[in-house]
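Spelled out, the chains give:
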Amino acid sequence: MKKAILLSFIMLMMVACGGLGKIFTGGTVVQKEYQVSVPFNYDYNFAIIKVHINGKVYNFLVDTGAPTVISDKIYKDLNIKAADRTMVKDSQGQRKSQEVVIIPMMTVGGLNYEDIGAVVANLRDVFEFNCMGIDGILGANQMAKSYWKFDYETKNITITDQLSNYDLSQYTDTLSFSTSTQLTPYITGYANGIQTVFNYDTGSAGHIDVIRTKDDFNDAPGFNRYGSSSVGLYGAIDSTTIRTIKLDSLRLGNLSLGEQLVDLDDGSLIGNDFMNKHEVVMDWKSKSIYLKKLKPYESAVDSTYGFNPKIKENQVLVSTLYKEVATPLKLNDQILQLNDQDYSNITDENVCDIFNSLYTPIKGDSIQVVYKRNDSIKEIRLPKVALMK
């Protein structure tokens, strides 16, 4: 169920404008004339790297769609005072006031970052982030101090202060961007000829979203899934509907992607399912993203077994259904088994192992499902259904 689960972890966090600008543009890299290599874990379709703070090692999500974030645990361990507070909005539109701090020292791949502005938020309170082992976010405000190269094939990030350290001769496409207060890149694009501004978001595990308020897409062919939303900083929303549509044309800057499936969601963004078709170099100085294409872009096709699962309170539940797919399943049915994988006995000790097992792709034209509704246990084989061709 890898593809279905990945759609659940799009994350975007935004800092309000105001007097916090100096905090989030401040800080420095101690070293000069540097070039370092940092391996990343890509099990969840976004980059997670090792970060050293105060003599301890943590897992940080590399997220251009957010500022740098540290957990409450790291904040307490640093024993520093908050510099300010700000309202933070997650990818689901949920807002809370969070403390802002200045991290005295933080080390990434041997590079020492001094006085980096960060939001304090307890990511481990969200079940999915806890199982992914995410302790914080290395955000756009910190990344913008260097040139970053993402190699999705070798799962390696290169960080340097000299753009000339990269051979850009084979990077045939360039996306120009503007930035927000937190230095998140924004790219102007056109969906079916309609202009929209996309957040270039390495914290998104998905493909491409277009803001749902655009009425121009009402007649576009597509399909609808309903139930639980994707997961943001403050968790998921249990009742929402997302429409996926087929665009006749999608252009990002001068880059034409042709026909594409996109989600109509709360904002327009470009996620890792687009980025990982390339080697990517990010240049905040000239506000350019250089792309070396490695794989073909996804064509406008999609298929499903008719539902998406989610773990809640040590049970695998049906969290999302597709309006266009006939199925006996209902939202919140308990999934006891998918093919040979048993989910009937989930404990606090094995729940994250079960969570990770849901990332194993299921192949085949059908799937065997054992599910429970109230006290009744039923078994059914569901075919894979083409949603768009």
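Residues numbered from 1 in each chain as written. Predicted model: local features only at pLDDT ≥ 70, side-chain atom pairs only at ≥ 80, totals over all residues. Heavy atoms only, no water.

Quick look at the packing of aromatic side chains
Using the criterion set out here, one finds 10 aromatic pairs in the structure. In textbook terms, an aromatic cluster arises when at least three aromatic residues are bridged by ring pairs, as seen for Phe40, Tyr42, Trp148, Phe150 and Tyr152. (Phe/Tyr/Trp six-rings, centres within 6.5 Å; stacked < 30°, edge-to-face > 60°.)

Brief notes about the environment of glycine 364
Mapped onto the elements, glycine 364 comes out in the loop between α7 (351-357) and β29 (366-373). As for glycine 364 and proline 383, which are separated by 19 residues in sequence, their C-alpha atoms are 8.8 Å apart. (Helix = DSSP H or I, 4+ residues; strand = E, 2+ residues; numbered from the N terminus.)

Remarks on the sheet that holds strand β23 (residues 288-293)
Pairing in this open sheet of six strands is antiparallel, and the strands run β3-β12-β11-β22-β23-β13 from one edge to the other. The outermost strands of the open sheet, each flanked by one partner alone, are β3 (35-39) and β13 (173-176). In this sheet, neighbouring strand axes are inclined to one another by 20° on average, regardless of whether the strands run parallel or antiparallel. The pairing of strand β22 (residues 278-283) with β23 spans six bridges and is classified as antiparallel. Pairing of valine 280 across the sheet is with leucine 291, part of β23. (Pairing = 2+ DSSP bridges. Axes fitted to C-alpha atoms, helices over the stretch in contact; angles between N-to-C directions.)

A closer look at the nonpolar core
Formed by 62 residues in total, the largest nonpolar core has its most connected members in Ile49, Phe60, Ile70, Trp148, Ile157, Ile159 and Phe274. Of all the elements, strand β9 (residues 111-120) adds the most residues to this core, at five residues. If you look at the next biggest cluster of nonpolar residues, it comprises 42 residues, including Ala121, Cys131, Met132 and Ile354. (Core = buried A, V, L, I, M, F, W, Y, C linked by side-chain atoms within 4.5 Å. Buried < 20%, exposed > 50% of the residue type's maximum accessible area, 1.4 Å probe, protein only.)

Let's talk about the confidence of the model for the chain
Averaged over the chain, the pLDDT score is 88; the fraction of residues at 70 or greater is 89%. Taken together, the stretch residues 2-16 has pLDDT below 50 and engages in 78 contacts with residues farther than four places along the chain or on a different chain. (pLDDT = per-residue confidence, 0-100. Contact = heavy atoms within 4.5 Å.)

Some points on the side chain of histidine 207
Note that histidine 207 resides in the loop between β16 (194-200) and β17 (208-211). Engagement of the side chain of histidine 207 in a polar contact is seen with the side chain of glutamine 260, the distance being 2.8 Å. (Polar contact = N/O pair within 3.5 Å; in protein donor to acceptor, adjacent residues only side chain to side chain.)

Comments concerning the environment of aspartate 209
Residue position: aspartate 209 is located in strand β17. Assessed through its relative accessible area of 4%, aspartate 209 is described here as buried.

A few points about the state of the cysteines
As used in these notes, a disulfide is a covalent bond between sulfur atoms, one from each of two cysteines. Going through the model one piece at a time under the given rule, you end up with one disulfide. Paired through a disulfide, cysteine 131 and cysteine 352 show a sulfur-sulfur distance of 2.1 Å. With the S-S dihedral at roughly -80°, the linkage between cysteine 131 and cysteine 352 falls on the left-handed side. Taken together, the residues cysteine 131 in helix α4 (residues 127-132) and cysteine 352 in helix α7 connect sequence positions 221 residues apart. A relative accessible area of 10% means that cysteine 131 is categorised as buried. Residue class for cysteine 352 comes out partly exposed when judged on its relative accessible area of 22%. (Disulfide = S-S within 2.5 Å.)

Considering unusual backbone geometry
Residues other than glycine seldom take positive phi values, yet glutamate 33 does so here, at roughly 50°. Topologically, glutamate 33 is positioned in the loop between β2 (28-29) and β3. Positive phi is not limited to glycine here, since glutamate 313 has a value of about 50°. Counting through the fold element by element, glutamate 313 comes out in the loop between β25 (307-312) and β26 (315-322).

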